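Next come the chains, spelled out residue by residue.
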Amino acid sequence: MKQAIMTEPGNIVFQSVDIPEVGNHEVKIKIKKIGVCGSDIHVNHGKHPYTSYPVVQGHEISAEVKEVGKNVDRIKIGDKVTIQPQVVCGECFMCQNGMYHVCEELKVMGFQTTGMASEYFVVDEEKAIILPDSISWDEGAMIEPLAVAIHAVRRVSTIEDKNVLVIGGGPIGNLVAQTAKALGAKQVVVSELSETRIKIAEQCGLKTINSNSEELSDGIVRCFGHTKADVIFECVGSSYTVAQTIEVARKGSTVVIVGVVSDLTKVNMGFVQDHELTVLGSAMYQTADFNQAVELIKDKKINLKSLITNHLDFENYSEAYSIIDKNKDQVMKVIINV
């Protein structure tokens, strides 16, 4: 089969490798679509702190089951699936206490272990999430980022009837905002600099603040009134926006850090204390988040189509990175057709 491998930052080559054999508890899948995400871009730039080279990427996928092991009974040949790409130890404190998504020995397909950028892939049955026929191959490849968003929203005790601000209108920020709205938030507003991303957010039924033309603090009052936001999700991952999120938070409100922050951030902890803010981190997802993602898409509560800005054939995998680098503010989600 054909497999894409990143030999070093910025260099993807294709190699012919044997299709893996299926174990007793495994399934063989034919990859249909692969989504490219921000973490993949970090790897392409050589800036992902936990990935070495060579590496086979691909962790947002949809696929068709082609073969099942003799002890597999939950999944059958022909099923449409996506894959939960975490590999966990099952033995550490986190795994033993229901928090396997932050396992002490966590590996993620496409980063610390082999990803799915190939024509076929063999994986443990338990990692496969069955999709209904009503979910397209494109949508299936976006369940993983939607699961990230769902997990972030579920970090808050309740989102119902809350005023929600999302800082950052990229794919994850957009999906966090859509999820909050779908799960009963009173009002959801996205703050963003890019005109393209603002338009896409509005296509998804979200209110927006254009941070290029309006001070964020003023936009918050305009949208929510002087009671401001009950919950703020930071979905950019820069030191500036993390500090900004704390600065604009209302007393007694909740801040969730969703963006991956790569450098040390200076935060006014005196402000956090004095305003009695609840500051939470959100990392990855659990199976329940994948299952809820399937239900939200099936019930047509999430608009994924508007987020897909580019399609490329498998052979042009490296072009996806060039497109994203050159058109960062215009590109949302790039889908690879395998």
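Residues numbered from 1 in each chain as written. Predicted model: local features only at pLDDT ≥ 70, side-chain atom pairs only at ≥ 80, totals over all residues. Heavy atoms only, no water.

K.L.:
Whenever I open this one, the environment of V36 confuses me. Can you help?
P.N.:
Mapped onto the secondary structure, V36 falls in strand β3 (residues 26–36). With 124 residues separating them in the primary sequence, V36 and E160 have C-alpha atoms 31 Å apart. (Helix = DSSP H or I, 4+ residues; strand = E, 2+ residues; numbered from the N terminus.)

K.L.:
It is not clear to me how the pairing of strand β2 (residues 11–16) should be interpreted in this structure. Could you clarify?
P.N.:
Taken residue by residue, a regular strand's side chains alternate between the two faces of the sheet. Relative to β2, strand β1 (residues 2–8) is paired through 6 bridges, and the arrangement is antiparallel. The residue of β2 that forms the bridge with K2 is S16. Taking the residues between adjacent antiparallel strands as the criterion, β1 and β2 are bridged by 2 residues, where G10 takes a positive phi near 80°. (Pairing = 2+ DSSP bridges.)

K.L.:
I'm lost on the packing of helix α4 (residues 143–154) against helix α10 (residues 287–298) in this one. Help?
P.N.:
Running from N to C, α4 and α10 point in directions that differ by 110°, and their axes come no closer than 8 Å. Here α4 lies roughly perpendicular to α10, going by the angle between them. Facing I143, E144, L146, A147, I150, H151 and R154 of α4, the residues of α10 in contact are A288, D289, F290, Q292, A293, V294, L296 and I297. For the contact of α4 with α10, the per-class residue count stands at 10 nonpolar, 2 polar and 3 charged. (Axes fitted to C-alpha atoms, helices over the stretch in contact; angles between N-to-C directions. Parallel < 35°, antiparallel > 145°, perpendicular 65-115°, else oblique. Contact = heavy atoms within 4.5 Å. Nonpolar A, V, L, I, M, F, W, Y, C, P; charged D, E, K, R; others polar.)

K.L.:
Looking at this model, I keep getting lost on helix α7 (residues 216–224). Mind explaining?
P.N.:
Within α7, burial applies to L216, G219, I220, C223 and F224. Down the axis of α7, the buried side of the element spans an arc of 105°, and every buried residue falls inside it. Elements that come into contact with the buried residues of α7 comprise β10 (163–167), β11 (187–192), β12 (207–210) and α8 (239–248). Following α7 by one or two positions, G225 has its phi on the positive side, about 80°. (Buried < 20%, exposed > 50% of the residue type's maximum accessible area, 1.4 Å probe, protein only. Arc of directions from axis to C-beta.)

K.L.:
What should I look at first to understand helix α6 (residues 195–203) in this one?
P.N.:
The periodicity of an α-helix, 3.6 residues per turn, causes residues three or four positions apart to be oriented the same way. For α6, the set of buried residues is R197, I198, I200 and A201. The arc enclosing the buried residues of α6, seen along the axis, measures out at 165°, which places them on a common side. The outward face of α6, more than 90 degrees from its buried face, is lined by the exposed residues K199 and Q203. Turning to α6, the residues buried within the fold contact α5 (171–182), β11, β12 and β16 (308–313). N-capping of α6 is provided by S194, with a side-chain oxygen placed 3.3 Å from the backbone N of T196. Phi turns positive, to about 80°, at G205, one or two residues after α6. (Polar contact = N/O pair within 3.5 Å; in protein donor to acceptor, adjacent residues only side chain to side chain.)

K.L.:
Just to check I follow, could you spell out the packing of α4 against α5 for this structure?
P.N.:
What describes two packed helices is the angle between their axes and the distance between those same axes. For the pair α4 and α5, the least separation of the axes is 8 Å and the interaxial angle reads 55°. On the basis of the axis angle, α4 is oblique to α5. Both α4 and α5 take part in a crossing whose hand is right-handed. On α5, the residues touching P145, L146, V148, A149, I150, A152 and V153 of α4 are I172, L175, V176, T179 and A180. Of the residues belonging to the contact of α4 with α5, the class tally is 11 nonpolar, 1 polar and no charged. (Left-handed = near helix turned anticlockwise from the far one by under 90°.)

K.L.:
What should I look at first to understand the side chain of T245 in this one?
P.N.:
For T245, the position within the fold is in helix α8. Owing to a relative accessible area of 0%, T245 belongs among the buried residues under this scheme. Leave out the neighbours within four places in its chain, and T245 touches I167, I232, E234 and V255.

K.L.:
Explain the nonpolar core here, please?
P.N.:
The tendency in soluble globular proteins is for nonpolar side chains to be buried side by side. Membership of the largest hydrophobic core comes to 85 residues, with the highest contact counts inside it found for I29, I83, V164, F233 and Y317. Every residue in contact with I83, bar those within four places of it in the chain, is listed here: I29, H59, I61, M109, M116, V123, K127, A128 and F290. If you look at the next biggest cluster of nonpolar residues, it comprises 18 residues, including L165, C223, A229 and I232. (Core = buried A, V, L, I, M, F, W, Y, C linked by side-chain atoms within 4.5 Å.)

K.L.:
So what exactly am I meant to see when it comes to unusual backbone geometry here?
P.N.:
Along the chain, Y53 connects to P54 via a cis peptide bond; the corresponding omega equals 0°. Take P54: it is sitting in the loop between α1 (38–44) and β4 (60–68). The residue E276 is not glycine, and still its phi comes out positive at about 45°. In this fold, E276 is placed in the loop between α9 (269–274) and β15 (278–281). The exposure class assigned to E276 is exposed, which follows from its relative accessible area of 64%.

K.L.:
Please explain the packing of aromatic side chains as it appears in this structure.
P.N.:
Aromatic ring pairs: the centre-centre distance and the angle between the two ring planes describe each pair. With the rule as written, the count across this model stands at 4 aromatic pairs. Pairing Y317 with Y321 gives two aromatic rings, centres 6.2 Å apart and planes at 20°, and the pair type is stacked. Of the two residues, Y317 and Y321 are both situated in helix α11 (residues 317–326); the distance of 4 residues between them amounts to about one turn of the helix. Its relative accessible area of 2% is what places Y317 among the buried residues. In textbook terms, an aromatic cluster arises when at least three aromatic residues are bridged by ring pairs, as seen for F14, F314, Y317 and Y321. (Phe/Tyr/Trp six-rings, centres within 6.5 Å; stacked < 30°, edge-to-face > 60°.)

K.L.:
Is there a simple way to think about the side chain of D230 in this case?
P.N.:
Checked against the element boundaries, D230 lands in the loop between α7 and β13 (231–234). Here D230 falls in the buried class, since its relative accessible area comes to 18%. Of the polar contacts made by the side chain of D230, one reaches the side chain of R250; its length is 2.8 Å. Excluding residues within four positions of it along the chain, D230 makes contact with D161, K162, N163, R250, S253 and T254.

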